[in-house]
Amino acid sequence: MHLSESARVVFDVLAGAGTATRPQLAAGAGLSKPTVSTAVAELEAVELAAHSGRASGGTGRSAAVYRLGTAAGAVLAVDLGPAKTRVRSCALDGALLAEGTGSREEAADTVRKVLDALPAGAPLRAVVVAVGDVTTRDGEGAGERPATAKAGPAFDAMAVALPEGVPVHLENNVNCAALAELHEGAAVGRETFGYLRIGVGIGLAVVIGGRVLRGANGAAGEVARLPYPWDESRAPRYEGLEQRMGSRTLLRRAAEAWQQADGPRPRTAERLLALAGQGHATARSVIDAHAADVGRLAAAVAAVLDPGLIVLGGGTGADPQLLPGVRAELARLSWPTEVVSSVVGDTGTVAGASRLAVAHGIQTVTGAVRAKH
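Keep in mind the model is a prediction, meaning the values are calculated, not measured. (Residues numbered from 1 in each chain as written. Predicted model: local features only at pLDDT ≥ 70, side-chain atom pairs only at ≥ 80, totals over all residues. Heavy atoms only, no water.)

Details of the sheet that holds strand β5 (residues 84-91)
Consideration 1: Strand order in the open sheet made by the five strands is β6-β5-β4-β7-β10, with mixed pairing throughout. Taken across any chain shown, the strands that pair with only one partner, and hence form the sheet edges, are β6 (96-103) and β10 (168-172). Taken over all neighbouring pairs, the strand axes of this sheet differ in orientation by 15° on average, direction set aside.
Consideration 2: Running over the sheet, helix α5 (residues 152-159) touches β4 (74-80), β7 (124-131) and β10 and is turned about 145° from β4.
Consideration 3: Against the sheet, helix α12 (residues 348-366) touches β4, β5, β7 and β10, its axis set at about 145° to β7. (Pairing = 2+ DSSP bridges. Helix = DSSP H or I, 4+ residues; strand = E, 2+ residues; numbered from the N terminus. Axes fitted to C-alpha atoms, helices over the stretch in contact; angles between N-to-C directions. Contact = heavy atoms within 4.5 Å.)

Right under this line is the structure:
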């Protein structure tokens, strides 16, 4: 679709605003009112903009209000998590259109159900899939896919449900969650920070100047690859730090510490955290030791990045019980760095992926990315 430069700019402003009058579009686009009127007419002619009523002004006059038209379409965001798949579809102004949740094995069916719920006639402009992996390309001209078996097979099984011809973009799930923290969570107003996820695995997103740092291989923040252990008697193991700090090992340490008088042994990290919160002594000691480990990793992050702020997320990392221990160990080993718990919760990854999908969708229409990512 060929649009004039002024129409592309006005569409971008309208997508960001949701609804706007022509004077508001002119102010946002930095264009004259006659130019905006011509651009709006151009957008209306191809159903990228539509009339949405009138708004009264302070002088008693009313102005026409515009919104995105049906042809602007929709985008799809998929969080291909280790256990659950979360799917959202949004309009290009960010409005939620449909969403669904299923197991990882049900990912393709969940995607189909959300696609089936989209408004008739709304073209799908872009898809963003959040994966717990580094991404790569399958040869020249091929699309992105997960680089390893961590997410590769699950992505392939899900991808059969995606419509052909629609641009599909992959992004690391921790990076997506960091974007949600930046725009609507614990890092609002802080354009430089680290988002440290501690759960089944571990990962770091580095946000500098409001943008996610990806690195030469798209692997910036892959702290699972930090050498561990690192002493004279033991050689580092491949992803040994993730093995040390992941929730499976946390539960194994809890099992080793558990006494007969402690009652039933916790089978999940959530249960272990719940017992610690209730004052269970053994659970509390295990969580305190885990918090110290997280604090040492946070100190490594601070030593390299000096981010000023670290947001803790993930299945265990986001629990506020970890904060005192993390803060204390970080203060002991490094310079002052604020540490807070994530506030976006389990939906942070799909929320961040939705924001990226909207930006890519707008780029499909206008050729210019609006959102920082």
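Quick word on the packing of helix α1 (residues 5-17) against helix α3 (residues 33-45)
Consideration 1: Taken N-terminus to C-terminus, the directions of α1 and α3 make an angle of 80°; their axes are 8 Å apart at the nearest point. Classified by the angle between their axes, α1 and α3 sit roughly perpendicular to one another. For the pair α1 and α3, contact is made by Ser6, Ala7, Val10 and Phe11 and by Thr35, Val36, Ala39, Val40, Glu42 and Leu43, respectively.
Consideration 2: Here the residues of the contact of α1 with α3 are counted per class, giving seven nonpolar, two polar and one charged. (Parallel < 35°, antiparallel > 145°, perpendicular 65-115°, else oblique. Nonpolar A, V, L, I, M, F, W, Y, C, P; charged D, E, K, R; others polar.)

Considering the domain arrangement of the chain
Consideration 1: Here the chain is partitioned into domain 1 (5-71), domain 2 (73-176 + 349-366) and domain 3 (186-343).
Consideration 2: Measuring from the centre of the C-alpha atoms in domain 2 to the corresponding centre in domain 3 gives 28 Å.
Consideration 3: Listed by partner, the interface residues are eight residues for domain 2 and 13 residues for domain 3.
Consideration 4: Together, the buried faces of domain 2 and domain 3 total about 890 Å²; carbon and sulfur atoms form 45% of this surface.
Consideration 5: When the buried surface of domain 2 facing domain 3 is broken down by residue, Val134, Val174 and Asn175 rank first, second and third, together holding 56% of it.
Consideration 6: Between the two partners, domain 2 and domain 3, sit three salt bridges.
Consideration 7: With a closest N to O distance of 2.4 Å, Glu171 and Arg214 form a salt bridge.
Consideration 8: Where domain 2 touches domain 3, the interface holds two residue pairs in polar contact (both at pLDDT 80 or more).
Consideration 9: Among the secondary structure elements, those contributing two or more residues to the side of domain 2 that touches domain 3 are β10 and α6 (173-184).
Consideration 10: Of all the elements, α6 adds the most residues to the side of domain 2 that touches domain 3, at three residues.
Consideration 11: Class assignment of the residues belonging to the side of domain 2 that touches domain 3 gives a composition of two nonpolar, four polar and two charged. (Domains from an automatic or database assignment. Buried area = accessible area lost by both parts, 1.4 Å probe. Salt bridge = Lys/Arg side-chain N within 4 Å of Asp/Glu carboxyl O. Polar contact = N/O pair within 3.5 Å; in protein donor to acceptor, adjacent residues only side chain to side chain.)

Some details on helix α2 (residues 22-29)
Consideration 1: Along α2, the residues classified as buried are Leu25, Ala26 and Ala29. Down the axis of α2, the buried side of the element spans an arc of 100°, and every buried residue falls inside it.
Consideration 2: Summarising the contacts, the buried residues of α2 are in contact with α1, β1 (19-21) and α3.
Consideration 3: Where α2 terminates, the next one or two residues include Gly30, which has phi positive at roughly 70°. (Buried < 20%, exposed > 50% of the residue type's maximum accessible area, 1.4 Å probe, protein only. Arc of directions from axis to C-beta.)

Concerning the sheet that holds strand β15 (residues 338-341)
Consideration 1: The five strands are arranged β13-β12-β11-β14-β15 in an open sheet whose pairing can be described as mixed. Each edge of the open sheet is held by one strand with a lone partner, namely β13 (211-212) and β15.
Consideration 2: As paired elements, strand β12 (residues 202-208) and β13 share two bridges and run antiparallel to each other. Along β13, the bridge assignment pairs Ile208 with Arg211.
Consideration 3: Strand contacts of helix α11 (residues 323-333): β14 (309-313) and β15, with the helix running at about 165° to β15, the strand carrying the most contacts.

What about the pattern of salt bridges?
Consideration 1: Taken as a whole and judged by the stated rule, the model has 17 salt bridges.
Consideration 2: Between Arg284 and Asp288 there is a salt bridge, and its shortest N-O distance comes to 2.9 Å. With Arg284 and Asp288 both in helix α10 (residues 281-305) and four residues apart, this pair spans about one turn of that helix.
Consideration 3: Look at Asp288 and you get partly exposed, because its relative accessible area is 40%.

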